[in-house]
Amino acid sequence: MLNFNGELLENNTNFINQENRGLRYGDSLFETIRVVNNKIYFWEDHYLRLMASMRILRMEIPMNFTMEYLEDQILETIEANELGNTAVRIRFTVYRNNGGLYTPSTNEISFIIEAKELDAPFFMIDEKDYEVELFKDFYVNADMLSTLKTNNKIINVVGSIYAKENNYQNCILLNNQKMVVEVLNGNLFMVVGNVIKTPLKSEGCLNGILRKKLIEIIGKLENYTIEEATISPFELQKADELFVTNAIVGIQPITKYRKKKYVNIVAKDLVGKLNATVRLS
């Protein structure tokens, strides 16, 4: 079942039409959230990012859109799907209501909550082969809109098709200055010695929740130095490790980029610390 504006509906229910602004113009935001045994991982961070993004897009935030209300809606949706004792992937979508062309006739919103079961309750390192390549057909704009989790994901779609056609597990996205931004489904971290780098948000990378949490975790560790910095594609082949982060997978090590193969020592260390952070939160 899914949740539409607080009402639980069967998954095959028709509840939006051709005038939906998310469909017409990508006038929509979404959060992808991990929930385990009814505990919402990093819920405050997800909530605050959603509220900030809605303000940037000039969506009207309903008076009842409190952390408590939305948490209750998420948990009710999980319960309705009988997934309360497992790991769950939540997609929380917000879109501006029907009306208008590019200029909307209202800034009021609707929301949809979807729940799907995940395989594992903990963040785990997948040690399978994970090869990536640059995607250079299109580029990410280095601006604030690129940092938002909007439904405008066509570059990610086309890039994913390119990756599938060429037997890559992922692709690295670049901005208009040909600097590294992120990967198709998350943020990118690079390890050189004891220095861990990730692209600046000003380069156009998604303001990822796991990116934020890892920066906080690494910043408290004496044996690593974290840097938000500009990264060129040439630096990637000099790195000891590359890994991907997102709210569902956690940390996914990259094993190969072009002729360079990578280890996953730091990734394994950090995923343990990430799981410890979740348990203590």
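For the structure itself, consult the block above.
Residues numbered from 1 in each chain as written. Predicted model: local features only at pLDDT ≥ 70, side-chain atom pairs only at ≥ 80, totals over all residues. Heavy atoms only, no water.

Asks: Explain the overall build of the protein here, please?
Replies: When helices and strands are tallied, the protein shows 8 helices and 16 strands. Taken over C-alpha atoms, the radius of gyration comes to 19 Å for the protein, in line with the 19 Å a tight globule of 281 residues would show. By its C-alpha atoms, the protein is 50 × 40 × 35 Å across when sized along the principal axes. In the protein, of all internal contacts separated by at least 6 residues, the share reaching a separation of at least 24 is 69%. Summed over its atoms, the accessible surface of the protein is roughly 14,000 Å², and 50% of this surface lies on carbon and sulfur atoms. In the protein, 32 positive and 36 negative side-chain charges are present, and the distance between their average locations comes to 7 Å. (Helix = DSSP H or I, 4+ residues; strand = E, 2+ residues; numbered from the N terminus. Rg over C-alpha atoms; globule rule 2.2 N^0.38 Å. Contact = heavy atoms within 4.5 Å. Areas by Shrake-Rupley, 256 points an atom, 1.4 Å probe, with all protein chains shown as cover. Lys, Arg positive; Asp, Glu negative; His and termini not counted. Charge placed at Lys NZ, Arg CZ, Asp CG, Glu CD.)

Asks: Please explain helix H2 (residues 43–56) as it appears in this structure.
Replies: It helps to recall that an α-helix has 3.6 residues per turn; residues three or four apart then point in one direction. The end-to-end C-alpha separation of H2 is 20 Å, in line with the 20 Å expected for 14 residues at 1.5 Å each. For H2, the elements touching its buried residues are strand S3 (28–36), strand S4 (39–40), helix H3 (67–80), strand S5 (87–96), strand S6 (109–117) and helix H6 (209–219). Where H2 terminates, the next one or two residues include Arg 58, which has phi positive at roughly 60 degrees. (Expected span 1.5 Å × (residues − 1).)

Asks: What's the story with the environment of Ala 80 in this structure? I'm lost.
Replies: Mapping Ala 80 onto the fold places it in helix H3. A relative accessible area of 27% places Ala 80 in the partly exposed class. (Buried < 20%, exposed > 50% of the residue type's maximum accessible area, 1.4 Å probe, protein only.)

Asks: Can you help me understand the packing of aromatic side chains in this one?
Replies: Each aromatic ring pair is summarised here by two numbers: the centre-to-centre distance and the angle between the ring planes. As enumerated under the stated definition, the model contains 12 aromatic pairs in all. Taking the centre distance of 5.4 Å and the plane angle of 65 degrees together, the rings of Tyr 25 and Tyr 102 count as edge-to-face. Of this pair, Tyr 25 sits in helix H1 (residues 21–25) while Tyr 102 is found in the loop between S5 and S6, placing the two residues 77 residues apart along the sequence. For Tyr 25, a relative accessible area of 25% gives the class partly exposed. Residue Tyr 102 is classed as exposed on the basis of its relative accessible area of 71%. Centroid distance Phe 92 to Phe 111: 5.5 Å. Interplanar angle 10 degrees. Geometry classified as stacked. (Phe/Tyr/Trp six-rings, centres within 6.5 Å; stacked < 30°, edge-to-face > 60°.)

Asks: What exactly am I supposed to notice about a nonpolar patch on the surface here?
Replies: A grouping of Ile 56, Met 144 and Leu 145 is seen on the molecular surface, where their side chains present a nonpolar patch of about 280 Å² in accessible area. By secondary structure assignment, the location of Ile 56 is in helix H2. Given the relative accessible area of 32%, Ile 56 is considered partly exposed. (Patch = residues over 30% accessible without salt bridge, like charges linked within 9 Å, V, L, I, M, F, W, Y side chains within 5 Å. Salt bridge = Lys/Arg side-chain N within 4 Å of Asp/Glu carboxyl O.)

Asks: Is there a simple way to explain the packing of H2 against H3 in this structure?
Replies: Each pair of packed helices can be summarised by the angle the axes make with each other and by the distance between the axes. Running from amino to carboxyl end, H2 crosses H3 at an angle of 110 degrees, the nearest separation of the two axes being 11 Å. With respect to each other, H2 and H3 are oriented roughly perpendicular. You can see that H2 and H3 cross each other, and the crossing is right-handed. Residues Trp 43, Glu 44, Tyr 47 and Met 51 of H2 form the contact with H3, whose participating residues are Met 67, Leu 70, Glu 71 and Ile 74. Each residue belonging to the contact of H2 with H3 can be placed in one class, and the counts come to 6 nonpolar, no polar and 2 charged. (Axes fitted to C-alpha atoms, helices over the stretch in contact; angles between N-to-C directions. Parallel < 35°, antiparallel > 145°, perpendicular 65-115°, else oblique. Left-handed = near helix turned anticlockwise from the far one by under 90°. Nonpolar A, V, L, I, M, F, W, Y, C, P; charged D, E, K, R; others polar.)

Asks: I'm lost on the packing of H2 against H6 in this one. Help?
Replies: It is the contact of H2 with H6, at a shortest axis distance of 10 Å, that shows an interaxial angle of 125 degrees. One finds that H2 runs oblique with respect to H6. Relative to H6, the crossing made by H2 is right-handed. Note on element contacts: H6 touches H2 through Ile 209, Lys 212 and Lys 213, opposite Asp 45, His 46 and Arg 49. Looking at side-chain class alone, the contact of H2 with H6 contains 1 nonpolar, 1 polar and 4 charged residues.

Asks: Would you mind going over the pattern of salt bridges with me for this structure?
Replies: Two side chains with opposite charge may pair up if their charged atoms get near one another. Inspection of the entire model under this criterion finds 12 salt bridges. Its salt-bridge partner being Glu 31, residue Arg 49 comes within 2.7 Å of it at the nearest N-O pair. Of the two residues, Arg 49 sits in helix H2 while Glu 31 sits in strand S3, which places them 18 residues apart along the sequence. Judged by its relative accessible area of 3%, Glu 31 falls in the buried class. The partner of Lys 213 in a salt bridge is Glu 216, and the shortest N-O contact between them spans 3.2 Å. Linking Lys 213 with Glu 216, this pair stays in helix H6, spanning 3 residues, or about one helical turn.

Asks: Hey, could you run me through a negative patch on the surface in this one?
Replies: Where like charges cluster on the molecular surface, the negative patch consists of Glu 68, Asp 72, Glu 76 and Glu 79. Along the chain, Glu 79 falls in helix H3. By relative accessible area, which is 61% here, Glu 79 ends up exposed.

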